[in-house]
Amino acid sequence: MAPDMPTPRRVLPAQPLTPQAFAPYGEVIAHQGAERRHYLTEPMRHGPDAIRNACWVSRLDTPARGACVIELLERHRYAAQTFVPLTDTPYLVVVAPTAPDGLPDMDRLQAFRASGRQGVCYRVGTWHHGLTVLSGPAEFLVMMGQTCRDDDDEFWRAPAPHIVVSLPD
């Protein structure tokens, strides 16, 4: 940890990403079960304010090294946001439920380690950390509805950093 960094509030281990553990926050995008198709419910979910479907590819060249510091969370109040890995690169998923005051409940922050073969869809309004790859480079297909009013993204900075200890490969 850098000498000028404040003491972290809590150290949080990253657990493996499973559909059951991630269910309060959205859906894991991976085939499940023996059926030919596994239908997803969350990726197309949005409210009436989201008038445009947007889709892009994000590239991350620099992986997190060691522990990952969580200082900034974001949410999208009008539409779900979906990330589908295009490379087989593990990444970190960090989420928090919304507290009664509308801010992230940092006492219930959770971290997951996604394989490069699992995508995630954050439910509408789910607080989450930005994409963080554990090795790189990596590319992701990103999909979400947008309002076209410049209010699709809401950011919140934590008063004290939380540290996520990522799991080794």
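Keep in mind it's a predicted model, so treat the numbers as computed, not measured.

Calculation criteria
Residues numbered from 1 in each chain as written. Predicted model: local features only at pLDDT ≥ 70, side-chain atom pairs only at ≥ 80, totals over all residues. Heavy atoms only, no water. Helix = DSSP H or I, 4+ residues; strand = E, 2+ residues; numbered from the N terminus. Rg over C-alpha atoms; globule rule 2.2 N^0.38 Å. Contact = heavy atoms within 4.5 Å. Areas by Shrake-Rupley, 256 points an atom, 1.4 Å probe, with all protein chains shown as cover. Pairing = 2+ DSSP bridges. Axes fitted to C-alpha atoms, helices over the stretch in contact; angles between N-to-C directions. Phe/Tyr/Trp six-rings, centres within 6.5 Å; stacked < 30°, edge-to-face > 60°. Buried < 20%, exposed > 50% of the residue type's maximum accessible area, 1.4 Å probe, protein only. Core = buried A, V, L, I, M, F, W, Y, C linked by side-chain atoms within 4.5 Å.

### Quick word on the overall build of the chain
Helix and strand content of the chain: one helix and 13 strands. Counting from the amino terminus, helix and strand elements in the chain follow one another as β-β-α-β-β-β-β-β-β-β-β-β-β-β. The C-alpha radius of gyration computed for the chain amounts to 16 Å, which stays within 12% of the reference 15 Å derived for 169 residues, consistent with globular compactness. Oriented by its inertia axes, the alpha-carbon framework of the chain measures out at about 50 × 35 × 30 Å. Taking contacts inside the chain between residues at least 6 apart in sequence as the whole, the part at least 24 apart equals 85%. Carbon and sulfur atoms make up 53% of the accessible area of the chain, which amounts to about 9100 Å² in all.

### Quick notes on the sheet that holds strand S3 (residues 26–29)
Across the sheet, five strands lie side by side as S3-S9-S6-S12-S4; this open sheet has antiparallel pairing. With partners counted over all chains shown, the strands left at the sheet margins are S3 and strand S4 (52–60), one partner each. The average angle at which neighbouring strand axes cross in this sheet is 15 degrees, direction not considered.

### Section: the packing of aromatic side chains
Under the criterion given, the structure shown has five aromatic pairs. Summarising the aromatic geometry, the rings of Phe 83 and Tyr 122 are spaced 5.9 Å apart at their centres and angled 75 degrees between planes, so their arrangement reads as edge-to-face. Within this pair, whereas Phe 83 is found in strand S6 (residues 81–85), its partner Tyr 122 is found in strand S9 (residues 119–122), the two being separated by 39 residues in sequence. Per residue, the accessibility class of Phe 83 equals that of Tyr 122, and both read buried. Within the aromatic cluster, the residues linked to one another by ring pairs are Phe 22, Tyr 25, Phe 83, Phe 112 and Tyr 122.

### As for the environment of Ser 135
Within the secondary structure layout, Ser 135 lies in the loop between strand S11 (132–133) and strand S12 (138–146). Remark: the alpha-carbon pair of Ser 135 and Ala 99, spanning 36 residues in sequence, is separated by 32 Å. Ignoring sequence-local partners within four residues, the contact set of Ser 135 consists of Pro 63, Thr 89 and Pro 90.

### Considering the nonpolar core
With 17 residues, the main nonpolar core has Phe 22, Val 93, Val 120 and Phe 140 as its most contacted residues. Elements that contribute at least two residues to this core include exactly strand S7 (91–96), strand S8 (110–114), S9 and S12. Those residues in contact with Val 120 that sit more than four places away from it in its chain are Leu 17, Phe 22, Glu 27, Ile 29, Gln 81, Thr 82, Phe 83, Tyr 91 and Val 93. Formed by 16 residues, the second largest nonpolar core is a distinct cluster that contains Cys 68, Leu 109, Trp 127 and Trp 156.

### Here's the deal with the pairing of S12
Note that S4 and S12 share nine bridges and pair antiparallel. Note that in S12 the partner of Leu 60 across the bridge is Ala 138. Where S6 meets S12, five bridges bridge the pair, whose relative direction is antiparallel. Residue pairing across strands places Val 84 opposite Leu 141, the latter belonging to S12.

### Structural notes on unusual backbone geometry
Excluding glycine, residues mostly have negative phi values, and the peptide bonds linking residues are mostly trans. In this chain, Gly 136 is followed by Pro 137 through a cis amide linkage whose omega measures 0 degrees. Positive phi, normally seen in glycine, also occurs at Cys 148, with a value near 65 degrees. Counting through the fold element by element, Cys 148 comes out in the loop between S12 and strand S13 (154–165). Residue classification places Cys 148 among the exposed positions, given a relative accessible area of 51%. Backbone geometry places Asp 150, a non-glycine residue, at a positive phi of 65 degrees. Looking at the secondary structure, you find Asp 150 in the loop between S12 and S13.

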